[in-house]
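Fold and geometry: a report
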Amino acid sequence: METRRAFLAAGAGGLAALAGCTALGGDEGAGDAGDGPATGTATGTPGALGGHPAASGLADQPVLGPAPADATAVVVAFEDPSCTLCRRFETNTFPTLRSEYIETGDLSFVFRGYPVVYPWGEPAVQALESTFAASESAFWALKDHYYAEQDAFGTGNVLDRTGTFLAEETDVDAASVVDDARNGRHDAAVQADVEAARAADAGGQTPIFYLFRDGAFRTKVQGPQGADVFAAALEL
């Protein structure tokens, strides 16, 4: 079954897989982030970044660090704001990646929404795309807010709480952004991310990451792995 697929470890060590949140809720195979990466097969094909399904439409995505086309290393992340293991990645791993590799210019981090876990993830991703269209800095702030306050969100309140946060903590027109999200005005961007994930064989679990080095696809990593897993795979 696609949503329960096991991604086997590749490369030296053959470490056990740590899966992510499954579709319609629940953590599959949850464990410590040191359990090892779930990976795909590294192709090593030069210049493959632009041709890989996970990287389709890359120029339209929110990015931290250098532009993917100019970066030595790239992580394309598919996440669901409602996924508890995405929150674990964002809390435990992402700060290290940001401070040690993204802010130093060694790593480009691309965020793509993939709402496959709990129902409130879908309107949250609509709100993220609507916010990104208004302000990239507000987008990153809202993404962080979703994970920091994840337990407070549900289908019935996510857009109202989003509007309150945007009004109080950012410079965007919060009412306009929420209206856009309610009406799916940026649904094409949402669907582009979902289609990219499906084309890349992401399955029904989050978080899932596609790693590139020197323009070539290296591997696929699943679950809230530690920063050392990303650094090793990308030779950072």
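All of the points below concern the structure found in this document. The shown structure was predicted, so the numbers you read here are calculated from the model rather than taken from an experiment. (Residues numbered from 1 in each chain as written. Predicted model: local features only at pLDDT ≥ 70, side-chain atom pairs only at ≥ 80, totals over all residues. Heavy atoms only, no water.)

**Describing the pattern of salt bridges**
For the coordinates displayed, the defined rule picks out 10 salt bridges. Residue Lys143 is joined to Glu90 by a salt bridge in which the shortest nitrogen-to-oxygen separation is 2.7 Å. Of this pair, Lys143 sits in helix 3 (residues 136-148) while Glu90 sits in helix 1 (residues 84-102), and the two are 53 residues apart along the sequence. Residue Glu90 is classed as buried on the basis of its relative accessible area, which comes to 8%. A salt bridge links Glu103 to Arg98, with the shortest nitrogen-to-oxygen separation between them at 3.7 Å. The exposure class assigned to Glu103 is exposed, which follows from its relative accessible area of 58%. (Salt bridge = Lys/Arg side-chain N within 4 Å of Asp/Glu carboxyl O. Helix = DSSP H or I, 4+ residues; strand = E, 2+ residues; numbered from the N terminus. Buried < 20%, exposed > 50% of the residue type's maximum accessible area, 1.4 Å probe, protein only.)

**Remarks on empty space enclosed by the protein**
Following the criterion strictly, the structure yields one cavity of 30 Å³ or more and no others. By volume, the largest cavity is sized at about 40 Å³. Looking at the largest cavity, the residues that line it are Pro62, Phe111, Arg112, Gly113, Val125, Leu128, Glu129, Phe139 and Asp193. Residue assignment for the lining of the largest cavity shows that the elements contributing at least two residues are strand 4 (107-113) and helix 2 (121-134). (1 Å grid on protein atoms, 1.4 Å probe; cavity = no way out; pocket = protein on both sides within 12 Å on 5 of 7 lines; lining within 4 Å. Points joined across faces, edges and corners; volume = space filled by probe spheres on them.)

**Details of the sheet that holds strand 7 (residues 216-222)**
Reading across the sheet, the five strands line up as 2-4-3-6-7 and stay open at both edges, with mixed pairing between neighbours. The open sheet is flanked by strand 2 (63-64) and strand 7, the only strands paired with a single partner. As paired elements, strand 3 (residues 73-79) and strand 6 (residues 208-213) share six bridges and run antiparallel to each other. Bridge pairing in strand 6 places Phe78 opposite Ile208. Contacts between helix 1 and the sheet are confined to strand 2, strand 3, strand 4 and strand 6, with strand 4 contributing the most and set at about 150 degrees to the helix. (Pairing = 2+ DSSP bridges. Contact = heavy atoms within 4.5 Å. Axes fitted to C-alpha atoms, helices over the stretch in contact; angles between N-to-C directions.)

**A look at the pairing of strand 4**
Regular strands place side chains that alternate from one sheet face to the opposite one. Strand 4 sits mainly inside the fold: seven of its seven residues count as buried. With burial as the criterion, each face of strand 4 is covered, one bearing Leu107, Phe109, Phe111 and Gly113 and the other bearing Ser108, Val110 and Arg112. Pairing analysis gives two bridges linking strand 2 to strand 4, with the strands arranged antiparallel. When the bridges of strand 4 are listed, Val63 appears paired with Val110. Where the polypeptide runs from strand 3 across helix 1 and back to strand 4, its parallel neighbour, the crossover connection is right-handed. (Right-handed = clockwise from strand over helix to strand, strands pointing away.)

Interpretation in functional terms is not warranted from these geometric data alone.
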